[in-house]
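# Structural characterization, general
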Amino acid sequence: MNTSLTNGARLLAAGLRALLVLTVVTGIVYPLVVTGVAQALFPGKANGSETEADGKVVGSSLIGQQYNLPLEDGQETPEPDLKWFQGRPANGLGTNSVNTQYDLILSGATNRSADNAELLQWVKEAKAAVVKDNSVPGHPVRPEDVPADAVTSSGSGLDPDISPRYADLQVHRVAERNGLPAERVQRLVDEHTASRTLGFIGEPRVNVLELNIALRDLVAPAAGN
């Protein structure tokens, strides 16, 4: 009996020592090492790829934002602020119904098939809005000019990038709304167009937040003259 108790106590002590060591290594040492290496080598990415303007964090280059006008009385869906470049639709985003104390945005896809009637209606309405919003005198937009990313949300609903084609489509509207030459706005888009990662991964893209920050900096001097 005493031998059994002794062996049991020995095994329990060994288990507790192993638990303590693993807790320290995997719960303290490893996270500190990984955090330290990340902060030393990739501080921007480790801190959420924050994007700053005028010394303040205004967003992340990894998360898309919406550029809308304030809601008016009786209005449920805000209208886009057409002086800014617009990102992809956010139909995949959900609302927080679990803890309504916090106004959270939930990432997700629409989970609708390509022949879903509601999805087809969304695309049809989105295409009509893109054509209407971006058609300016002398530069009409045709339905066939509208790229897919202008009328569909990404899998997460938070895609921060748009295609160069969609950015180009918005150039004349943005130029007109801000009183700028279209050629200068087009050059701004070209300057903020990123090529494929490593030359072969993904597609060329334009980060909307970074483009709009550059647009604001371009408009400010013009507005002051």
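You'll find the structure just up there.
Described below are features of the structure shown in this document. Computed from a predicted model, the values in this text were never measured in an experiment. (Residues numbered from 1 in each chain as written. Predicted model: local features only at pLDDT ≥ 70, side-chain atom pairs only at ≥ 80, totals over all residues. Heavy atoms only, no water.)

A few words on the overall build of the chain. When you go through the chain residue by residue, the secondary structure sums to six helices and seven strands. Its helices and strands in sequence order give the chain the pattern α-α-β-β-β-β-α-β-α-α-β-β-α, from N to C terminus. Expressed along its principal axes, the backbone C-alpha trace of the chain runs to roughly 95 × 45 × 45 Å. Residues classed as buried in the chain amount to 28% of the 225 residues present. Taking all contacts inside the chain whose residues are at least 6 apart in sequence as the whole, residues at least 24 apart take part in 53%. (Helix = DSSP H or I, 4+ residues; strand = E, 2+ residues; numbered from the N terminus. Buried < 20%, exposed > 50% of the residue type's maximum accessible area, 1.4 Å probe, protein only. Contact = heavy atoms within 4.5 Å.)

This part takes up the pairing of strand β1 (residues 50-53). Where burial is concerned, the two faces of β1 differ: the one with Thr51 and Ala53 is buried and the one with Glu50 and Glu52 is not. Across four bridges, the pairing between β1 and strand β2 (residues 56-60) is antiparallel. Each bridged residue has a counterpart across the sheet, and for threonine 51 the counterpart in β2 is glycine 59. The loop that links β1 with its antiparallel partner β2 comprises two residues; one of these, aspartate 54, has a positive phi angle of about 55°. (Pairing = 2+ DSSP bridges.)

A word on the nonpolar core. Counting residues in each nonpolar core, the largest one holds 32 residues, and the members touching the most others are Phe85, Val146, Val185 and Leu215. Elements represented by at least two residues in this core include exactly α3 (117-134), α4 (164-178), α5 (182-191) and α6 (208-224). The element contributing the most residues to this core is α6, with eight residues. Ignoring anything within four residues of it in the chain, the contact list for valine 185 reads Phe85, Val171, Val174, Ala175 and Leu180. (Core = buried A, V, L, I, M, F, W, Y, C linked by side-chain atoms within 4.5 Å.)

This part takes up the sheet that holds strand β7 (residues 205-207). Pairing is antiparallel in the open sheet, where three strands are placed in the order β5-β7-β6. Looking at which strands have only one partner, the edges of the open sheet turn out to be β5 (161-162) and β6 (193-194). Where β5 lies against β7, two bridges are found, and the strand directions are antiparallel. Looking at β7, one finds that aspartate 161 is bridged to asparagine 207.

Let us now look at the pattern of salt bridges. One pass over the structure, following the stated rule, counts seven salt bridges. Here glutamate 118 makes a salt bridge to arginine 112, at a shortest N to O gap of 2.8 Å. The partner of aspartate 145 in a salt bridge is arginine 142, and the shortest N-O contact between them spans 3.0 Å. Its relative accessible area of 22% is what places aspartate 145 among the partly exposed residues. What makes arginine 142 partly exposed here is its relative accessible area of 47%. Look at the salt bridges and you will find they share partners, linking Asp54, Arg216 and Asp217 into a network. (Salt bridge = Lys/Arg side-chain N within 4 Å of Asp/Glu carboxyl O.)

Here the focus is the environment of arginine 165. With respect to the helices and strands, arginine 165 occurs in helix α4. Sequence separation between arginine 165 and aspartate 149 is 16 residues; the distance between their C-alpha atoms is 9.3 Å. The residues contacting arginine 165, other than those within four sequence positions of it, are Glu144, Asp145, Val146 and Pro147. A distance of 3.4 Å separates a polar atom in the side chain of arginine 165 from the backbone oxygen of aspartate 145. (Polar contact = N/O pair within 3.5 Å; in protein donor to acceptor, adjacent residues only side chain to side chain.)

Quick look at α5 now. Within the span of α5, buried status applies to Ala182, Val185, Leu188 and Val189. Down the axis of α5, the buried set is contained in an arc of 120°. They therefore lie on one face. (Arc of directions from axis to C-beta.)

Moving on: the packing of α3 against α4. Two elements in contact, α3 and α4, have axes separated by 8 Å at closest approach and are oriented at 40°. In this view, α3 runs oblique relative to α4, as classed from their interaxial angle. Mapping the contact onto sequence places Val130, Asp133 and Asn134 in α3 and Tyr166, Leu169, Gln170 and Arg173 in α4. (Axes fitted to C-alpha atoms, helices over the stretch in contact; angles between N-to-C directions. Parallel < 35°, antiparallel > 145°, perpendicular 65-115°, else oblique.)

A few words on a nonpolar patch on the surface. Taken together, the side chains of Leu20, Val24, Ile28, Val29, Leu32, Val33, Val37, Leu41 and Phe42 present a nonpolar region at the surface, about 830 Å² in accessible area. Mapped onto the elements, valine 24 comes out in helix α1 (residues 2-41). The class of valine 24 is partly exposed, set by a relative accessible area of 34%. (Patch = residues over 30% accessible without salt bridge, like charges linked within 9 Å, V, L, I, M, F, W, Y side chains within 5 Å. Areas by Shrake-Rupley, 256 points an atom, 1.4 Å probe, with all protein chains shown as cover.)

Read these as layout, nothing more, since geometry by itself doesn't imply function.
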